[in-house]
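Read off the chains here:
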Amino acid sequence: MILALIIACEVGFWVLLAAGLAVRYLLRRRRLSTVLLLCEPLLEVVLFVVTLVDLRGGAEPDWQHGLAALYIGFTVAYGHYTITWLDGHAAHRLAGAPRPPKPPRYGMARAAHEGRLWLRTLLAAAVAAALLQGGVLYIGDDGDTSTLRSFQETALRIVLIHGLIALSYLLFPKRSKGGRSEGGRSGGGPEESALPARDPQDVARGQVGDARKDEEQVR
């Protein structure tokens, strides 16, 4: 039952997201689209309540309850991030908005990006661990809570593995094929000017000398 509900919540998440974006950019009904997108958190509330009722009804805690906690934690941490990312691309494709900037690929900018993603994973694990701990306390010492505790360990392992991956981008910054990291200069090349290059028509008249006067002085 819980597994079927998790699948239903995942399908419902994408259905509501697609419907909300379609209503916003195809039908131009922004208020209705906001209502549809705000229904997304209700799916996690329903899953949480049903899981609690299932345990309260005497069901033995198993991997499905642990998976439900991990799913809720993931949607809490990454749900808004995913919606914002897809909303930007939908606005670009359907409404002519500028293309959303891509995540940085190189150097410290990439390391900072990976660090922010790791913080989201940390939040997801914290939410899942808190829900699982609530289940452990609810069941008490008389019940078997080993499955719930094993999922707490799983959440911790996910945080550690993702943390090591994010840390690798800091310790070993990724560089482009030309040896240039994003936001920095490659070694060995000519030193670039600190002033941005501008087109001739963008330069104010007073910033350059008059060619005729320079010619007269030479004569």
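This report concerns the structure included in the present document. Residue positions within a chain follow its written sequence, with the count starting from 1. Restriction of local features to residues with pLDDT of at least 70 applies here, the model being predicted, together with a cutoff of 80 or more for giving and counting side-chain atom pairs; totals for whole chains, interfaces and linings are based on all residues. The basis for every side-chain value is the complete set of non-hydrogen atoms in the structure, without hydrogens or water.

Focus on the side chain of His162
Thinking step 1. Secondary-structure assignment places His162 in helix α6 (residues 146-171).
Thinking step 2. If sequence neighbours within four positions are ignored, His162 has contacts with Tyr78, Glu114, Leu117, Trp118 and Thr121. Strands here mean DSSP runs of E at least two residues long; helices mean DSSP runs of H or I at least four residues long; both are numbered from the N terminus. We call two residues in contact whenever any of their non-hydrogen atoms come within 4.5 Å of each other.

Examining the packing of helix α4 (residues 63-95) against α6
Helix packing for two helices is described by the angle between their axes and how far apart those axes are.
Thinking step 1. The contact between α4 and α6 brings their axes to 8 Å, and the two run at 35 degrees. Where α4 crosses over α6, the two elements pack in a sense that is right-handed. Taken together, the residues of α6 that come into contact with α4 (itself represented by Trp63, His65, Gly66, Leu67, Leu70 and Tyr78) are Thr147, Leu148, Phe151, Thr154, Ala155 and His162. Axis angles are defined between N-to-C directions and span 0 to 180 degrees, where every axis is a line fitted to C-alpha atoms and, for a helix, only to the segment in contact. In a left-handed crossing the near helix is turned counterclockwise from the far helix by less than a right angle, and in a right-handed crossing that turn is clockwise.

Re helix α2 (residues 30-38)
In an α-helix, one turn spans 3.6 residues; hence positions three or four apart end up facing the same way.
Thinking step 1. Exposed residues in this analysis have more than 50% of their type's maximum accessible area, buried residues have under 20%, and partly exposed residues fall in between, with area computed by a 1.4 Å probe over protein chains only. Within α2, burial applies to Ser33, Leu36 and Leu37. One side of α2 holds all its buried residues, which, seen down the axis, span an arc of 95 degrees. Away from its buried face, by an angle of more than 90 degrees, α2 presents the exposed residues Arg31 and Leu38.
Thinking step 2. The inward-facing, buried residues of α2 abut α1 (2-25), α3 (40-56) and α4. The reported arc concerns the directions from the helix axis to the C-beta atoms and nothing else.

Digging into the pattern of salt bridges
Thinking step 1. In the sections that follow, a salt bridge refers to a side-chain nitrogen of Lys or Arg positioned within 4 Å of a carboxyl oxygen of Asp or Glu. Considering all chains together, one arrives at two salt bridges under this definition.
Thinking step 2. A salt bridge links Arg24 to Asp87, with the shortest nitrogen-to-oxygen separation between them at 3.5 Å. Of this pair, Arg24 sits in helix α1 while Asp87 sits in helix α4, and the two are 63 residues apart along the sequence.
Thinking step 3. Given a relative accessible area of 12%, Arg24 falls into the buried group.
Thinking step 4. Using a relative accessible area of 19% as the deciding quantity, one classes Asp87 as buried.

Focus on the packing of α3 against α4
Thinking step 1. Running from N to C, α3 and α4 point in directions that differ by 170 degrees, and their axes come no closer than 10 Å. With respect to α4, the axis of α3 lies roughly antiparallel. Residues Glu40, Glu44, Leu47, Phe48, Thr51, Asp54 and Leu55 of α3 form the contact with α4, whose participating residues are His65, Ala68, Tyr71, Ile72, Thr75 and Ile83.
Thinking step 2. Classifying every residue of the contact of α3 with α4 by side-chain character gives seven nonpolar, three polar and three charged. Working definition: roughly parallel below 35 degrees, roughly antiparallel above 145 degrees, roughly perpendicular at 65 to 115 degrees, and oblique for all remaining angles. Under the convention adopted here, Pro, Cys and the residues Ala, Val, Leu, Ile, Met, Phe, Trp and Tyr are nonpolar, Asp, Glu, Lys and Arg are charged, and Gly plus all remaining residues are polar.

Topic: the packing of aromatic side chains
Thinking step 1. Stacked, tilted and edge-to-face pairs are distinguished by plane angle, under 30 degrees for stacked and over 60 for edge-to-face with tilted covering the rest, among Phe, Tyr and Trp rings (Trp via its six-membered ring) whose centres lie within 6.5 Å. In this structure the tally under the stated criterion is three aromatic pairs.
Thinking step 2. The interplanar angle of 20 degrees and the centroid separation of 5.1 Å between the aromatic rings of Phe74 and Tyr78 together place this pair among those described as stacked. Note that Phe74 and Tyr78 are positioned in helix α4 at a spacing of four residues, about one turn of the helix.
Thinking step 3. Taking the relative accessible area as the measure of exposure, Phe74 reaches 46% and is therefore partly exposed.
Thinking step 4. A relative accessible area of 12% means that Tyr78 is categorised as buried.
Thinking step 5. Ring geometry for Tyr78 and Tyr81: centres 6.4 Å apart, planes at 85 degrees, overall edge-to-face. Highlighted residues: Tyr78 and Tyr81, both in helix α4, separated by three residues, approximately one helical turn.
Thinking step 6. For Tyr81, a relative accessible area of 29% gives the class partly exposed.
Thinking step 7. Within the aromatic cluster, the residues linked to one another by ring pairs are Phe74, Tyr78 and Tyr81.

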